Amino acid sequence: MPELTLKHFILQQRVLHLYRHAVRATRSIPDKDARLQTISWIRSEFERNRHLSDVTLIEDKISSGRRELKQILPTAYLPRP
């Protein structure tokens, strides 16, 4: 496993912030089953990319995750990182 840098720890915090925000944004989904499925999908996407260590790739994934969240849940307000 490659040595983690300060940048990795900063990105880890940004990823956690995005994950928490995405889960909170699902509160606007009125149907409980749809909300649970959306949360499950969000979790699986984060788990799928858990192994990444390339800083540039992680930053790209964070950006694309923010875009996807805006498309799926347009009412979700995403503060700038």
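Before any of the text, the structure's been laid out above.
A few points on the structure. (Residues numbered from 1 in each chain as written. Predicted model: local features only at pLDDT ≥ 70, side-chain atom pairs only at ≥ 80, totals over all residues. Heavy atoms only, no water.)

**Here's the deal with the environment of Glu59**
The topology assignment puts Glu59 in helix 3 (residues 55-72). Residue classification places Glu59 among the partly exposed residues on the basis of a relative accessible area of 25%. Remark: the alpha-carbon pair of Glu59 and Arg14, spanning 45 residues in sequence, is separated by 9.2 Å. With sequence-adjacent residues up to four places away left out, Glu59 is seen in contact with Lys7 and Leu11. (Helix = DSSP H or I, 4+ residues; strand = E, 2+ residues; numbered from the N terminus. Buried < 20%, exposed > 50% of the residue type's maximum accessible area, 1.4 Å probe, protein only. Contact = heavy atoms within 4.5 Å.)

**As for helix 2 (residues 32-48)**
Note: α-helices contain 3.6 residues per turn, so residues at a spacing of three or four share the same orientation. With 17 residues, helix 2 ought to run about 24 Å at 1.5 Å a step, and its terminal C-alpha atoms sit 24 Å apart, in line with that. Looking only at helix 2, the buried set comprises Thr38, Ile39 and Ile42. The buried residues of helix 2 occupy one face: seen down the axis, they fall within an arc of 100°. Exposed side of helix 2, more than 90 degrees from the buried face: Asp33 and Gln37 are the residues found there. Buried residues along helix 2 sit against helix 1 (6-25). (Expected span 1.5 Å × (residues − 1). Arc of directions from axis to C-beta.)

**Quick notes on a nonpolar patch on the surface**
Residues Leu4, Leu6, Phe9 and Ile10 make up a contiguous nonpolar surface patch of roughly 400 Å² in combined accessible area. As for its placement among the helices and strands, Ile10 is situated in helix 1. (Patch = residues over 30% accessible without salt bridge, like charges linked within 9 Å, V, L, I, M, F, W, Y side chains within 5 Å. Areas by Shrake-Rupley, 256 points an atom, 1.4 Å probe, with all protein chains shown as cover. Salt bridge = Lys/Arg side-chain N within 4 Å of Asp/Glu carboxyl O.)

**Describing the layout of surface pockets**
Space inside the largest pocket adds up to approximately 990 Å³. Forming the walls of the largest pocket are 32 residues, and the residues nearest its centre are Val15, Phe46, Glu47, Asn49 and Arg50. Broken down by secondary-structure element, the contributors of at least two residues to the lining of the largest pocket are helix 1, helix 2 and helix 3. A total of 9 residues in the lining of the largest pocket trace back to one element, the largest contributor, which is helix 1. (1 Å grid on protein atoms, 1.4 Å probe; cavity = no way out; pocket = protein on both sides within 12 Å on 5 of 7 lines; lining within 4 Å. Points joined across faces, edges and corners; volume = space filled by probe spheres on them.)

**Considering the nonpolar core**
Residues Leu11, Leu18, Ala22, Ala25, Ile29, Ile42, Leu52, Ile58, Ile62, Leu69 and Leu73 constitute the largest nonpolar core, which totals 11 residues. Of all the secondary structure elements, the ones that give two or more residues to this core are helix 1 and helix 3. Ranked by residues supplied to this core, first place goes to helix 1 with 4 residues. (Core = buried A, V, L, I, M, F, W, Y, C linked by side-chain atoms within 4.5 Å.)

**Comments concerning the pattern of salt bridges**
This structure, assessed with the given rule, holds 4 salt bridges. A salt bridge links Glu47 to Arg43; the nearest nitrogen and oxygen atoms lie 3.9 Å apart. In this pair, Glu47 and Arg43 both sit in helix 2, 4 residues apart, roughly one turn of the helix. A relative accessible area of 37% means that Glu47 is categorised as partly exposed. Classification of Arg43 as partly exposed rests on a relative accessible area of 48%. Across the pair Glu47 and Arg50 runs a salt bridge whose closest N-O atoms are separated by 3.2 Å. Judged by its relative accessible area of 63%, Arg50 falls in the exposed class. Taken together, the shared-partner salt bridges connect Arg43, Glu47 and Arg50 into one network.

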